[in-house]
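Residue strings, one per chain:
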Amino acid sequence: LEKQDLEDKRFVISAGGTREPIDPVRFLGNRSTGRFGINLALQAAHRGAHVDLVACNIDGAMLPNHPRITVHPVGSASQLQEAMVYLADGAQVLIMTAAVADFRPATSGESKFKKDGHSTPDITLVENPDILKGLASDRSHGAFVVGFAAETGDENGSVLDYGRKKAKTKGADLLVVNKVGETAGFGDVDTAITILDGDGEIQTEGAGTKSQMAGIVLDSISLSLS
Ligand code: C5P
């Protein structure tokens, strides 16, 4: 029998990747499938939670069907932000797994870009708000805030170094750091994570399938709530 440690908790989980419109038919997007967030939503629901899943452009065949999960489909980062802020009210846990575009085209025209045979269009980008930072700094919702960071190490620092910096700048209660590269991260089934608290201290580490990792993340949250 599954543990019911998340009974009576309401979770708001973002998953997938945002799409920023360039014109009515084109967008700037990313390769996030939403698999990790969906895993989290399903396991949280199995453990008794009510889940609002804010689904950014997730393939309909992947969306979970569970009586305690409500799916809210959104497209762009600004739509995601609006949904998160609205749903945060009265929630116990907010989890941002979505891959959010850092930039969006400054204008998304009413009509398609057209080829004129000699010039190429200029796309000017403007910065999107950091939704996680916003949810972590304005605490009027009262919920526990969890973020994700997909990192690569380089000559200036390890995955953990970058994760620690991000834990401090984002201000979330927990930051789940995972290493991305040729064999991990986006779309793949196996992954390795380190869970940091708001000060960048290690809470938990683990490696395995995304489903096993989702369980570890929920254990960490459950422990923090109790
Ligand atoms: O800064 P970076 O994109 O690495 O941070 C990742 C975390 O921040 C994820 O939890 C992601 O959902 C969140 N994020 C956000 N708004 C942005 C960019 C990232 O909420 N504009």
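This text goes with the structure placed above it.
Note that this is a predicted model, so its numbers are computed, not measured. (Residues numbered from 1 in each chain as written. Predicted model: local features only at pLDDT ≥ 70, side-chain atom pairs only at ≥ 80, totals over all residues. Heavy atoms only, no water.)

1. A closer look at a nonpolar patch on the surface
Turning to step 1, where the next piece is worked out: Residues Leu28, Phe103, Phe113, Ile123 and Leu125 make up a contiguous nonpolar surface patch of about 410 Å² in total accessible area.
Turning to step 2, where the next piece is worked out: Mapping Phe113 onto the fold places it in the loop between strand 7 (103-105) and strand 8 (125-127). (Patch = residues over 30% accessible without salt bridge, like charges linked within 9 Å, V, L, I, M, F, W, Y side chains within 5 Å. Areas by Shrake-Rupley, 256 points an atom, 1.4 Å probe, with all protein chains shown as cover. Salt bridge = Lys/Arg side-chain N within 4 Å of Asp/Glu carboxyl O. Helix = DSSP H or I, 4+ residues; strand = E, 2+ residues; numbered from the N terminus.)

2. Considerations on the pairing of strand 6 (residues 93-96)
Turning to step 1, where the next piece is worked out: Residues Val93 and Ile95 point to one face of strand 6 and Leu94 and Met96 to the other, with burial holding for every one of them.
Turning to step 2, where the next piece is worked out: The sheet contact formed by strand 1 (residues 10-16) and strand 6 spans 4 bridges and is parallel. The partner of Phe11 across the bridge, within strand 6, is Val93.
Turning to step 3, where the next piece is worked out: Where strand 6 lies against strand 9 (residues 144-151), 4 bridges are found, and the strand directions are parallel. In the sheet register, Ile95 faces strand 9, and the bridge partner there is Val146. (Buried < 20%, exposed > 50% of the residue type's maximum accessible area, 1.4 Å probe, protein only. Pairing = 2+ DSSP bridges.)

3. Overview of the pattern of salt bridges
Turning to step 1, where the next piece is worked out: Counted by the stated rule, this structure contains 8 salt bridges.
Turning to step 2, where the next piece is worked out: With its nearest N and O atoms 3.1 Å apart, the salt bridge here joins Lys3 to Asp219. Highlighted residues: Lys3 in the segment before strand 1 and Asp219 in helix 5 (residues 210-225), separated in sequence by 216 residues.
Turning to step 3, where the next piece is worked out: By relative accessible area, Lys3 is classed as partly exposed at 45%.
Turning to step 4, where the next piece is worked out: Taking the shortest distance from any N to any O, the salt bridge between Lys170 and Asp130 comes out at 2.6 Å. With a gap of 40 residues between them, Lys170 in helix 4 (residues 159-170) and Asp130 in the loop between strand 8 and helix 3 (131-137) connect regions that are remote in the sequence.
Turning to step 5, where the next piece is worked out: Residue classification places Asp130 among the partly exposed positions, given a relative accessible area of 30%.
Turning to step 6, where the next piece is worked out: Through salt bridges with shared partners, a single network forms among Lys3, Asp5, Arg47 and Asp219.

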